[in-house]
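Close look at the chain arrangement
Listed below, chain by chain, are the residues.
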Amino acid sequence: MELKTKNNIGIKDAMTYNVITATSDTKISDIATMMTKNDISSVVIEDERVEGIVTSNNIISKVVSKNISPQDITADMVMDKFVEISPSTSLVEASSLMIKNNCKVVLVIDDNNDLKGLLTLTDIVRVSPELIELFIEETSLEDYSEDKQYKASDESLDEGVCEKCGVYGELEDNDGQYLCSECIEELSEE
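Residues numbered from 1 in each chain as written. Predicted model: local features only at pLDDT ≥ 70, side-chain atom pairs only at ≥ 80, totals over all residues. Heavy atoms only, no water.

Some thoughts on the environment of Lys-62
Along the chain, Lys-62 turns up in helix H3 (residues 56-62). Taking the C-alpha atoms as reference points, Lys-62 and Met-79, separated by 17 residues in sequence, lie 9.5 Å from one another. Non-local contacts of Lys-62, meaning those with residues more than four positions away in its chain, are made with Asn-57, Ile-68, Val-78, Met-79 and Asp-80. Here Val-78 takes part through its backbone oxygen, which lies 3.2 Å from a polar atom of the side chain of Lys-62. Of note is the side chain of Lys-62, whose polar atom sits 3.2 Å from the side chain of Asp-80. (Helix = DSSP H or I, 4+ residues; strand = E, 2+ residues; numbered from the N terminus. Contact = heavy atoms within 4.5 Å. Polar contact = N/O pair within 3.5 Å; in protein donor to acceptor, adjacent residues only side chain to side chain.)

Following this line, the structure appears as structure tokens:
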């Protein structure tokens, strides 16, 4: 699928430059506070170099769901490896890389291994909404791939942009539209 972005928008036009970082020995409770204070969903872990990334999903799945105190866990215990792109990567390439690696954020790192910023799925859709087609197409293809078991009875799409309100999150198929739970609830009340 050949997609062209409007006005040649590049990574530098979409990425976040002021990345919030922490060290690998930072307590998860402190990282959660940083996320809340800055209204973000990921913190880059950087000691002498970039080590990984802690996302809100990491905190929920690896700490909260296991009923572990966030004061007892440090970033290095829950961080994920990161996917890296160069500042010259195109938005289409970045989108494809996110799909391939099943991630919502990639780190922008230059040739000197310096962190220059990060790029999220939300950033891409905000500046180049036509790329959502790529995510939808790739998600559809993955559902039918040999690696995955597709179940016709499972009508939920894991994540994406709600076709009614435009908010990114968990979606469900509702009469041919992919909607968030709030929009489905609103429709059922009408």
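Examining the pattern of salt bridges
Using the criterion set out here, one finds 3 salt bridges in the structure. Here Lys-116 makes a salt bridge to Asp-110, at a shortest N to O gap of 3.7 Å. Looking at Lys-116, the relative accessible area reads 38%, which means it is partly exposed. Given the relative accessible area of 14%, Asp-110 is considered buried. The partner of Arg-126 in a salt bridge is Asp-123, and the shortest N-O contact between them spans 3.0 Å. Pair noted here: Arg-126 and Asp-123 are both in helix H6 (residues 121-127), with a separation of 3 residues, about one helical turn. (Salt bridge = Lys/Arg side-chain N within 4 Å of Asp/Glu carboxyl O. Buried < 20%, exposed > 50% of the residue type's maximum accessible area, 1.4 Å probe, protein only.)

Re the confidence of the model for the protein chain
Confidence along the protein chain averages 80 in pLDDT terms, with 77% of residues attaining 70 or more. When the criterion is pLDDT under 50, residues 1-7 qualifies, and its contacts beyond four places in sequence or with other chains add up to 14 contacts. (pLDDT = per-residue confidence, 0-100.)

Describing a negative patch on the surface
Judged by side-chain charge, Asp-25, Asp-47, Glu-48 and Asp-76 come together as a negatively charged surface patch. Summarising the element assignment, Asp-25 is placed in the loop between strand S1 (21-22) and helix H2 (28-38). By relative accessible area, Asp-25 is classed as exposed at 57%. (Patch = residues over 30% accessible without salt bridge, like charges linked within 9 Å, V, L, I, M, F, W, Y side chains within 5 Å. Areas by Shrake-Rupley, 256 points an atom, 1.4 Å probe, with all protein chains shown as cover. Lys, Arg positive; Asp, Glu negative; His and termini not counted. Charge placed at Lys NZ, Arg CZ, Asp CG, Glu CD.)

Observations concerning the environment of Asp-76
You can see Asp-76 is positioned in helix H4 (residues 75-78). Of the residues examined, Asp-76 reaches a relative accessible area of 43% and is grouped as partly exposed. Taking the C-alpha atoms as reference points, Asp-76 and Lys-27, separated by 49 residues in sequence, lie 9.2 Å from one another. Reaching out from Asp-76, the side chain makes a polar contact with the side chain of Thr-74 at a distance of 2.3 Å.

Focus on the sheet that holds strand S3 (residues 50-55)
Pairing within the open sheet is mixed, and its 3 strands lie in the order S1-S2-S3. The outermost strands of the open sheet, each flanked by one partner alone, are S1 and S3. Relative to strand S2 (residues 42-46), S1 runs parallel, the two being bridged by 2 bridges. If you follow Thr-21 over to S2, its bridge partner there is Val-44. (Pairing = 2+ DSSP bridges.)

So, the nonpolar core
Residues Ile-11, Ile-85, Leu-91, Ala-94, Val-106, Leu-119 and Ile-124 are the most contacted members of the largest nonpolar core, which totals 13 residues. Broken down by secondary-structure element, the contributors of at least two residues to this core are helix H1 (11-14), helix H5 (91-101) and strand S5 (105-109). Among the elements that make up this core, the one with the highest residue count is H5 (3 residues). In this structure Val-106 touches Val-83, Ile-85, Met-98, Leu-118 and Leu-119, once residues within four positions along its chain are discounted. (Core = buried A, V, L, I, M, F, W, Y, C linked by side-chain atoms within 4.5 Å.)

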